[in-house]
Amino acid sequence: MSRITKEINKITGTIIGISGKLILYALVILLLLEGVSRGYTFGYEIFHPTAMEAAPGTDYQVTIPKGQNSDETIEMLHDMGLIDNELAAAIQMKFYEYEIYPGTYTLNTSMTSKEMFQLLNEKPEETEEEKTGQ
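Predicted model, so just to flag it, every value in this text is computed and none were measured. (Residues numbered from 1 in each chain as written. Predicted model: local features only at pLDDT ≥ 70, side-chain atom pairs only at ≥ 80, totals over all residues. Heavy atoms only, no water.)

Draft legend 1. Focus on the overall build of the chain. Along the chain, the regular secondary structure elements total five helices and two strands. Counted from the first residue to the last, the chain has its helices and strands arranged as α-β-α-α-β-α-α. Against the 2.2 N^0.38 benchmark of 14 Å for 134 residues, the chain shows a C-alpha radius of gyration of 27 Å, more extended than a compact globule. Viewed in the frame of its principal axes, the chain has a C-alpha envelope of about 105 × 30 × 20 Å. Out of the 134 residues belonging to the chain, those deemed buried represent 21%. By sequence separation, contacts in the chain at least 24 residues apart represent 61% of the contacts at least 6 residues apart. (Helix = DSSP H or I, 4+ residues; strand = E, 2+ residues; numbered from the N terminus. Rg over C-alpha atoms; globule rule 2.2 N^0.38 Å. Buried < 20%, exposed > 50% of the residue type's maximum accessible area, 1.4 Å probe, protein only. Contact = heavy atoms within 4.5 Å.)

Draft legend 2. Region of the structure containing unusual backbone geometry. Looking along the chain, the bond that leaves Ala-55 and enters Pro-56 is cis, with omega of 10°. Take Pro-56: it is sitting in the loop between helix H1 (3-47) and strand E1 (59-64). Phi at Glu-97 is positive, roughly 55°, even though this residue is not glycine. On the basis of relative accessible area, Glu-97 is assigned to the exposed category, the value being 67%.

Draft legend 3. Quick look at the packing of helix H3 (residues 86-95) against helix H4 (residues 113-120). Close contact between H3 and H4 brings their axes to 11 Å; oriented N to C, the two are set at 50°. With respect to their mutual orientation, H3 and H4 come out oblique. Remark: the crossing between H3 and H4 carries right-handed chirality. Taking contact as the criterion, the partners of Ala-89, Gln-92 and Met-93 in H3 are, on H4, Ser-113, Lys-114 and Phe-117. (Axes fitted to C-alpha atoms, helices over the stretch in contact; angles between N-to-C directions. Parallel < 35°, antiparallel > 145°, perpendicular 65-115°, else oblique. Left-handed = near helix turned anticlockwise from the far one by under 90°.)

Draft legend 4. Layout of the nonpolar core. Core analysis: the largest hydrophobic core is formed by 17 residues, its most contacted members being Ile-74, Leu-77, Leu-107, Phe-117 and Leu-120. Where this core is concerned, the elements lending two or more residues are E1, helix H2 (70-79), H3, strand E2 (103-108) and H4. Setting aside residues up to four positions removed in sequence, Ile-74 forms contacts with Ile-83, Glu-86, Ala-89, Ala-90, Met-93 and Phe-117. (Core = buried A, V, L, I, M, F, W, Y, C linked by side-chain atoms within 4.5 Å.)

Draft legend 5. Here's a closer look at H2. Buried residues of H2: Thr-73, Ile-74 and Leu-77, and no others. Looking straight down H2, one finds its buried side chains confined to an arc of 100°; they lie on one side. Contact partners of the buried residues in H2: E1, H3, E2 and H4. Sitting at the head of H2, Asn-69 places a side-chain oxygen 3.1 Å from the backbone nitrogen of Asp-71. The first or second residue beyond H2 is Gly-81, which carries a positive phi of 85°. (Arc of directions from axis to C-beta. Polar contact = N/O pair within 3.5 Å; in protein donor to acceptor, adjacent residues only side chain to side chain.)

Draft legend 6. A look at the environment of Ala-90. One can find Ala-90 in helix H3. On the basis of relative accessible area, Ala-90 is assigned to the buried category, the value being 16%. Remark: the alpha-carbon pair of Ala-90 and Thr-73, spanning 17 residues in sequence, is separated by 9.8 Å.

Draft legend 7. Layout of the confidence of the model for the chain. Of all residues in the chain, 92% have pLDDT values of 70 or greater, and the mean over the chain is 89. Mean pLDDT values over the elements of the chain span from 52, in helix H5 (residues 128-132), up to 94, in H1. (pLDDT = per-residue confidence, 0-100.)

What follows is the structure, given as C-alpha coordinates:
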(Lines give C-alpha, C1' and ligand atoms only; values in the text may rest on other atoms or scores of the structure.)
Protein backbone atom coordinates (compact mmCIF):
# COMPACT_ATOMS: atom_id res chain seq x y z
CA MET A 1 0.00 0.00 0.00
CA SER A 2 1.22 3.40 -0.81
CA ARG A 3 1.55 6.21 1.67
CA ILE A 4 -1.37 8.11 0.07
CA THR A 5 -3.65 5.07 0.36
CA LYS A 6 -2.75 4.67 4.04
CA GLU A 7 -3.53 8.35 4.69
CA ILE A 8 -6.84 8.11 2.84
CA ASN A 9 -7.77 5.00 4.86
CA LYS A 10 -6.79 6.75 8.11
CA ILE A 11 -8.87 9.85 7.26
CA THR A 12 -11.82 7.71 6.15
CA GLY A 13 -11.64 5.68 9.36
CA THR A 14 -11.57 8.86 11.44
CA ILE A 15 -14.58 10.30 9.58
CA ILE A 16 -16.55 7.05 10.00
CA GLY A 17 -15.63 6.89 13.71
CA ILE A 18 -16.70 10.49 14.34
CA SER A 19 -19.91 9.98 12.34
CA GLY A 20 -20.73 6.85 14.34
CA LYS A 21 -20.20 8.67 17.64
CA LEU A 22 -22.37 11.59 16.51
CA ILE A 23 -25.17 9.21 15.51
CA LEU A 24 -24.88 7.42 18.86
CA TYR A 25 -24.96 10.73 20.79
CA ALA A 26 -28.00 11.87 18.78
CA LEU A 27 -29.84 8.63 19.61
CA VAL A 28 -28.99 8.93 23.31
CA ILE A 29 -30.22 12.53 23.37
CA LEU A 30 -33.47 11.56 21.60
CA LEU A 31 -34.06 8.71 24.04
CA LEU A 32 -33.40 11.01 27.02
CA LEU A 33 -35.79 13.63 25.68
CA GLU A 34 -38.50 11.01 25.13
CA GLY A 35 -37.92 9.56 28.61
CA VAL A 36 -38.03 12.96 30.29
CA SER A 37 -41.18 13.90 28.38
CA ARG A 38 -43.00 10.67 29.28
CA GLY A 39 -41.78 10.86 32.88
CA TYR A 40 -43.09 14.39 33.25
CA THR A 41 -46.45 13.42 31.75
CA PHE A 42 -46.71 10.43 34.09
CA GLY A 43 -45.79 12.48 37.16
CA TYR A 44 -48.22 15.19 36.17
CA GLU A 45 -50.99 12.59 35.91
CA ILE A 46 -50.23 11.43 39.46
CA PHE A 47 -50.29 14.86 41.10
CA HIS A 48 -52.68 16.71 38.74
CA PRO A 49 -55.05 14.11 37.32
CA THR A 50 -57.50 15.03 34.60
CA ALA A 51 -61.06 13.85 34.14
CA MET A 52 -62.02 11.52 31.32
CA GLU A 53 -64.77 13.90 30.11
CA ALA A 54 -65.75 17.51 30.61
CA ALA A 55 -68.69 18.32 32.89
CA PRO A 56 -71.45 17.17 33.16
CA GLY A 57 -69.99 13.76 32.25
CA THR A 58 -71.71 10.42 32.71
CA ASP A 59 -72.75 8.93 36.05
CA TYR A 60 -71.94 5.31 36.86
CA GLN A 61 -73.08 3.25 39.83
CA VAL A 62 -70.04 1.44 41.16
CA THR A 63 -70.38 -1.36 43.70
CA ILE A 64 -67.25 -2.33 45.60
CA PRO A 65 -67.74 -5.77 47.17
CA LYS A 66 -66.16 -6.78 50.46
CA GLY A 67 -62.70 -8.24 50.03
CA GLN A 68 -61.95 -6.53 46.72
CA ASN A 69 -58.42 -5.14 46.75
CA SER A 70 -57.35 -1.78 45.38
CA ASP A 71 -55.80 -3.24 42.21
CA GLU A 72 -59.07 -4.95 41.29
CA THR A 73 -60.97 -1.73 41.99
CA ILE A 74 -58.60 0.32 39.83
CA GLU A 75 -58.93 -2.22 37.01
CA MET A 76 -62.74 -2.07 37.32
CA LEU A 77 -62.70 1.76 37.18
CA HIS A 78 -60.45 1.62 34.11
CA ASP A 79 -62.72 -0.91 32.38
CA MET A 80 -65.73 1.33 33.07
CA GLY A 81 -63.94 4.30 31.49
CA LEU A 82 -63.65 6.30 34.70
CA ILE A 83 -59.85 6.44 34.81
CA ASP A 84 -57.24 6.40 32.06
CA ASN A 85 -53.97 5.24 33.62
CA GLU A 86 -54.09 2.31 36.04
CA LEU A 87 -50.47 2.61 37.16
CA ALA A 88 -50.79 6.33 37.93
CA ALA A 89 -53.98 5.60 39.89
CA ALA A 90 -52.27 2.85 41.91
CA ILE A 91 -49.38 5.16 42.78
CA GLN A 92 -51.86 7.90 43.69
CA MET A 93 -53.65 5.56 46.10
CA LYS A 94 -50.41 4.60 47.82
CA PHE A 95 -49.00 8.13 47.89
CA TYR A 96 -52.15 9.74 49.32
CA GLU A 97 -52.84 6.68 51.53
CA TYR A 98 -56.38 6.14 50.27
CA GLU A 99 -58.35 3.09 51.29
CA ILE A 100 -61.34 1.77 49.42
CA TYR A 101 -64.36 0.79 51.46
CA PRO A 102 -67.01 -1.63 50.19
CA GLY A 103 -70.31 -0.12 49.17
CA THR A 104 -72.17 1.44 46.28
CA TYR A 105 -70.99 4.78 44.96
CA THR A 106 -72.02 7.13 42.17
CA LEU A 107 -68.98 8.20 40.17
CA ASN A 108 -68.88 10.52 37.19
CA THR A 109 -66.55 10.64 34.19
CA SER A 110 -66.02 14.35 34.88
CA MET A 111 -64.38 13.48 38.23
CA THR A 112 -60.61 13.13 38.48
CA SER A 113 -59.16 9.91 39.86
CA LYS A 114 -58.18 11.81 43.00
CA GLU A 115 -61.79 12.93 43.55
CA MET A 116 -63.01 9.36 43.02
CA PHE A 117 -60.52 7.95 45.51
CA GLN A 118 -61.49 10.61 48.06
CA LEU A 119 -65.11 9.50 47.68
CA LEU A 120 -64.19 5.80 47.87
CA ASN A 121 -62.07 6.56 50.94
CA GLU A 122 -65.17 7.58 52.92
CA LYS A 123 -67.22 4.83 54.48
CA PRO A 124 -70.71 4.81 52.96
CA GLU A 125 -73.64 5.17 55.31
CA GLU A 126 -75.31 1.91 56.22
CA THR A 127 -78.78 1.30 54.86
CA GLU A 128 -81.58 0.14 57.14
CA GLU A 129 -81.20 -3.41 55.77
CA GLU A 130 -77.49 -3.47 56.66
CA LYS A 131 -78.17 -2.12 60.16
CA THR A 132 -80.74 -4.83 60.91
CA GLY A 133 -78.61 -7.54 59.27
CA GLN A 134 -81.12 -8.56 56.61
